[in-house]
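The chain contents come next:
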Amino acid sequence: MPNDTANPTQTALERARSPSGQSPMRRRIRRFLDHRLALLSGLVLAFLCGLALCAPLIADMLGTDGVTADLFNRLAPSSASNPLGTDEAGRDVLVRLLYGGRVSLAVALVTAIITAVIGAAVGLAAGYFGGPLDSLLMRLTDGVIALPLLPLLIVLAAVDLTKLGFTPETASGQNANLYRIVVIIALVGWTTVARLVRAEALSLRRRDFVRAAIAQGAGPARILFVHILPNCASPLVVATTLSIGNIILFESVLSFLGLGIQPPTPSWGNMLTNAQDIIWDSPLLAIWPGTLIFVTVIAFNFLGDGLQDALDPKALSNR
Amino acid sequence: MIRFLATRLLQCLLVLAVMSFLIYALIGLMPGDPIDLMIAANPDFTSADAARLKALYGLDQPLLKRYGNWLTSALGGDFGYSRLYSQPVLDVIGPRLANTALLVGISLALSLLLAIPLGIAAAARPYSVIDYLVNLSCFAGISAPPFWLALMAIMLFSVTLGWFPAGGQAPPGASIWEGIQHAVLPIGVLTLASVGGFTRFMRASMLQTLRQDFIRTASAKGMTRTRVIYGHALRNALLPLVTVIALSFGTLFSGALITETMFAWLGMGKTIYDAILGNDFNLALVGLLMATGMTLLGNVLADISYVALDPRLDFRAEEP
């Protein structure tokens, strides 16, 4: 870690001039600020998750459910019973934002865990076994990364589940949209994790402790899951945190385009679907959900960044 | 060189072939089918007529057979008719491809024009105020949903300020000025959406280069910081950026789809979206394949330029 401790043989001038060298004070300030941002992001996320969890309570308090349309109370300004006003169908915006947050956050967390599992499996297999399996899996990963994902996600989102052999009840069920969006984003989202875990596994499998385990007669499963996987935890956690932001973005854009979470279930993305048409009359309807997506995504990105600094100091200087 | 090129192109063709089958199969899984759509408009059709039509168009055959038929005619240059536009698919796609190329090309150029100096400025003084501002803006750019950026841009520049039209394209006979006015917002939004990633990468790449031995040597010789950065480090730091640009073609195209849909820009992205939603199977299939093909081609071009730019790399090193 060349930049971690001040090199006593360096003169002050050299330290000032060397590309990534800074005075210890500035380094501390930077770490402090960095962690502050990550810390702040963590708090913001906890607050948002808490609010989303409390959505039914708040809805009860306000006496609305965010689903029933009230056409006599359309596009109402903010008031005591509708703190953020109502939308084009007279539904309370705050309650819908909270319920939307539940959906968006739950989808993102579940999808992120699935992508982490797929990515870790692909990465471990490629990195540990190497050879043709490695080239095959990595070609596949490169291929998925290079594809124009959004158009493909749109096709996947438009697929008629009954043609895949699902019963019409399952296909049109309330939760079918949720499962569908989780599955299709997980199908394309695992690539970053896979690449990172592969790189890690590739270097770990040559380490002495792995060789020692092999010498002791440990099988591949034991080596992979007991010796290699735990050592991949840092990049895995960081990449998964960072991927949550991307997943929220994908979900919101698909829902916005009418192919993700379907109304009447609110999500931050589909709350924006009608906003463009009435942007002249009620711009706030377009601002709220977008701001929440933006804040959540940037918070997850800062959190991931802070985790990277904390867990993986080697990568610190590479950013 | 030729062998390297041939391998890469062959790989691309293979991927494209696999993708064409996958997309063909997926499109077949979308709701509705062409015959049902024909019948829907005509009450005199009976189900017997429908079955006869299905047989006539070969729709009653198994998937592989149908794909084979499609492939044969596609290789012969016949991609079928578009249902939405009642034109041969290629006639629909031609001008739209040009529109997307314009949008993506200009945005990519603008992003790089912004990202490279910003990345250098941030890397030249790591952890300075400039660095923080650049980093923060990058995070903001990466984290903002592109469709929301577009909404906000429409709100600010079209609704409030009235500077630019909210969407659409200039009519055919319009002046160049009008064309530019229509292009400003879509290009601006797509640039904003992609500049953050490039800047962060440029910064990282520059930082890494500045830590190398030859930079220390240059500094030790007494060269000024400016000469070290622009004379020695820049060329080396730009190299990895080429790969990133290549890998970003797919993302750029996804961004173009959103921007085009938001601003009613008649490009490939909007065409594909409309085709999928409008059950225009032929058009969606060719559009998706073309987008995939262009992305893959971009990757090959970048691979080639990467190897061509860096004399240390060997073409054979690419082959496992």
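All values derive from a computational prediction rather than experimental measurement.

Novice: Which parts of the structure should I look at to understand the overall build of chain B?
Specialist: Along the backbone of chain B there are 13 helices and 0 strands. The dimensions of chain B, computed from C-alpha atoms along their principal axes, are 90 × 55 × 35 Å. Per-residue burial for chain B yields a buried fraction of 45% across its 320 residues. Pairs at least 24 residues apart make up 73% of the contacts formed inside chain B by residues separated by at least 6 positions. Accessible surface, chain B: about 15,500 Å² in total, of which carbon and sulfur atoms supply 68%. The positive charge centre, built from 20 side chains, and the negative charge centre, built from 18, are 16 Å apart in chain B.

Novice: Got a minute to help me understand unusual backbone geometry in this structure?
Specialist: Negative phi characterises most residues that are not glycine, and trans characterises most peptide bonds. All names here are of chain B. A positive phi angle, near 50°, is found at Ala264, a position not held by glycine. You can see Ala264 is positioned in the loop between helix 11 (249-263) and helix 12 (268-277). In this structure Ala264 comes out as partly exposed when scored by relative accessible area, which is 35%.

Novice: What is the right way to look at the packing of aromatic side chains in this model?
Specialist: The way to describe two aromatic rings as a pair is by their centre distance and the angle between their planes. Residues and elements named next belong to chain B. Counted according to the given criterion, the structure contains 9 aromatic pairs over all chains. An angle of 80° between the planes, with centres 5.0 Å apart, marks the rings of Phe21 and Tyr67 as edge-to-face. Of this pair, Phe21 sits in helix 1 (residues 2-28) while Tyr67 is found in helix 4 (residues 63-75), placing the two residues 46 residues apart along the sequence. Given the relative accessible area of 10%, Tyr67 is considered buried. By way of ring pairs, the aromatic residues Phe21, Tyr24, Tyr67 and Trp70 are connected into one cluster. Over the face of the ring belonging to Phe139 we find Arg200, whose NZ or CZ atom lies 4.6 Å from the ring centre.

Novice: Teacher, can you tell me more about the pattern of salt bridges here?
Specialist: Pairs can form between side chains of opposite charge whenever their charged atoms are close. Summed over all chains, the structure comprises 3 salt bridges over all chains. Here Asp134(A) ties to Arg198(A) by a salt bridge, and the two come within 2.7 Å at their closest N and O atoms. Taken together, the residues Asp134(A) in helix 5 (residues 131-146) and Arg198(A) in helix 9 (residues 191-204) connect sequence positions 64 residues apart. Take Asp134(A): its relative accessible area is 11%, and that puts it in the buried class. Between Lys270(B) and Asp274(B) there is a salt bridge whose closest N-O contact spans 3.2 Å. Residue Lys270(B) and its partner Asp274(B) are both found in helix 12; the two are separated by 4 residues, about one turn of the helix. Accessibility expressed as a relative area gives 23% for Asp274(B), which makes it partly exposed.

Novice: Got a minute to help me understand the UniProt feature "transmembrane region" (unreviewed entry) in chain B in this structure?
Specialist: All names here are of chain B. The residues that UniProt annotates with the feature "transmembrane region" (unreviewed entry) are residues 12-30, 101-124, 136-163, 183-202, 237-258 and 283-309. The annotated region residues 101-124 carries 100% helix and 0% strand content, and the separation between its end C-alpha atoms amounts to 34 Å. Secondary structure across residues 183-202 comprises 100% helix and 0% strand; the distance between its end C-alpha atoms is 27 Å.

Novice: I keep staring at the interface of chain A and chain B and nothing clicks. Help me out?
Specialist: Often, the extent of an interface is quoted as the loss of accessible area on bringing the components together. The interface of chain A with chain B comprises 53 residues on the first partner and 55 residues on the second. Joining chain A to chain B, the criterion identifies 0 salt bridges. Elements that contribute at least two residues to the side of chain A that touches chain B include exactly helix 2 (24-53), helix 5, helix 6 (149-158), helix 12 (233-256) and helix 13 (284-311) of chain A. For the side of chain A that touches chain B, the element with the highest residue contribution is helix 13 of chain A, accounting for 11 residues. For the side of chain A that touches chain B, the class distribution of residues is 34 nonpolar, 10 polar and 9 charged.

Novice: How do you make sense of the nonpolar core when you look at a structure like this?
Specialist: Grouped together as the largest cluster of nonpolar side chains are 99 residues, with contacts concentrated most on Ile154(A) and Leu272(A). Ignoring any residue separated from it by four or fewer positions in sequence, one finds Ile154(A) in contact with Leu254(A), Leu257(A), Leu259(A), Leu257(B), Tyr273(B) and Ile276(B).

Novice: How should helix 4 (residues 93-129) of chain A be read in this particular structure?
Specialist: Three or four residues apart is the spacing at which side chains of an α-helix point the same way, because the helix has 3.6 residues per turn. With 37 residues, helix 4 of chain A should reach 54 Å at 1.5 Å per residue; the first-to-last C-alpha distance of 52 Å fits that figure. Positive backbone phi, approximately 60°, marks Gly130(A), located one or two places after helix 4 of chain A.

Novice: Sorry if this is basic, but what is going on with the side chain of Asn270(A) here?
Specialist: If you trace the backbone, Asn270(A) turns up in the loop between helix 12 and helix 13. Apart from the residues lying within four places of it in its own chain, the contact partners of Asn270(A) are Ser255(A), Phe256(A), Ile261(A), Gln262(A), Pro263(A) and Thr265(A).

Novice: Looking at this model, I keep getting lost on a nonpolar patch on the surface. Mind explaining?
Specialist: A surface patch of nonpolar side chains, amounting to about 360 Å² of accessible area, comprises Leu102(B), Ile106(B), Leu110(B) and Leu113(B). With respect to the helices, strands and loops of the structure, Ile106(B) is situated in helix 5 (residues 89-124).

Novice: Before we go on, may I ask you to explain the packing of helix 9 of chain A against helix 12 of chain A in this structure?
Specialist: In helix packing, the relevant descriptors are the interaxial angle and the interaxial distance, both defined with respect to the helix axes. Residues and elements named next belong to chain A. The interhelical angle for the contact between helix 9 and helix 12, taken along N-to-C directions, is 170°, at an axis separation of 10 Å. Considering their axes alone, helix 9 and helix 12 lie roughly antiparallel with respect to each other. Residue-level inspection shows Val193, Leu196, Val197 and Glu200 of helix 9 in contact with helix 12, the latter providing Pro235, Leu236, Ala239 and Thr240. Of the residues contributing to the contact of helix 9 with helix 12, the split by class is 6 nonpolar, 1 polar and 1 charged.

Novice: Could you clarify how one ought to interpret helix 12 of chain B in this entry?
Specialist: Summarising burial for helix 12 of chain B: 8 of the 10 residues are buried, a large majority. Turning to helix 12 of chain B, its buried residues number three or more, namely Met268(B), Gly269(B), Lys270(B), Thr271(B), Ile272(B), Tyr273(B), Ala275(B) and Ile276(B). Considering only its buried residues, helix 12 of chain B is in contact with helix 6 of chain A together with helix 5, helix 11 and helix 13 (281-309) of chain B. Following helix 12 of chain B by one or two positions, Asn279(B) adopts a phi angle in the positive range, close to 60°.

Novice: Is there a simple way to explain the environment of Gly68(B) in this structure?
Specialist: All names here are of chain B. Residue placement: Gly68 occurs in helix 4. Note on Gly68: relative accessible area 28%, which makes it partly exposed. Separated by 125 residues in sequence, Gly68 and Ala193 place their C-alpha atoms 40 Å apart.

Procedures and definitions
Residues numbered from 1 in each chain as written. Chains lettered and ligands numbered in written order. Predicted model: local features only at pLDDT ≥ 70, side-chain atom pairs only at ≥ 80, totals over all residues. Heavy atoms only, no water. Helix = DSSP H or I, 4+ residues; strand = E, 2+ residues; numbered from the N terminus. Buried < 20%, exposed > 50% of the residue type's maximum accessible area, 1.4 Å probe, protein only. Contact = heavy atoms within 4.5 Å. Areas by Shrake-Rupley, 256 points an atom, 1.4 Å probe, with all protein chains shown as cover. Lys, Arg positive; Asp, Glu negative; His and termini not counted. Charge placed at Lys NZ, Arg CZ, Asp CG, Glu CD. Phe/Tyr/Trp six-rings, centres within 6.5 Å; stacked < 30°, edge-to-face > 60°. Lys NZ or Arg CZ within 6 Å of the ring centre and 35° of its normal. Salt bridge = Lys/Arg side-chain N within 4 Å of Asp/Glu carboxyl O. UniProt positions renumbered as here; feature names shortened; annotations may be inferred. Nonpolar A, V, L, I, M, F, W, Y, C, P; charged D, E, K, R; others polar. Core = buried A, V, L, I, M, F, W, Y, C linked by side-chain atoms within 4.5 Å. Expected span 1.5 Å × (residues − 1). Patch = residues over 30% accessible without salt bridge, like charges linked within 9 Å, V, L, I, M, F, W, Y side chains within 5 Å. Axes fitted to C-alpha atoms, helices over the stretch in contact; angles between N-to-C directions. Parallel < 35°, antiparallel > 145°, perpendicular 65-115°, else oblique.

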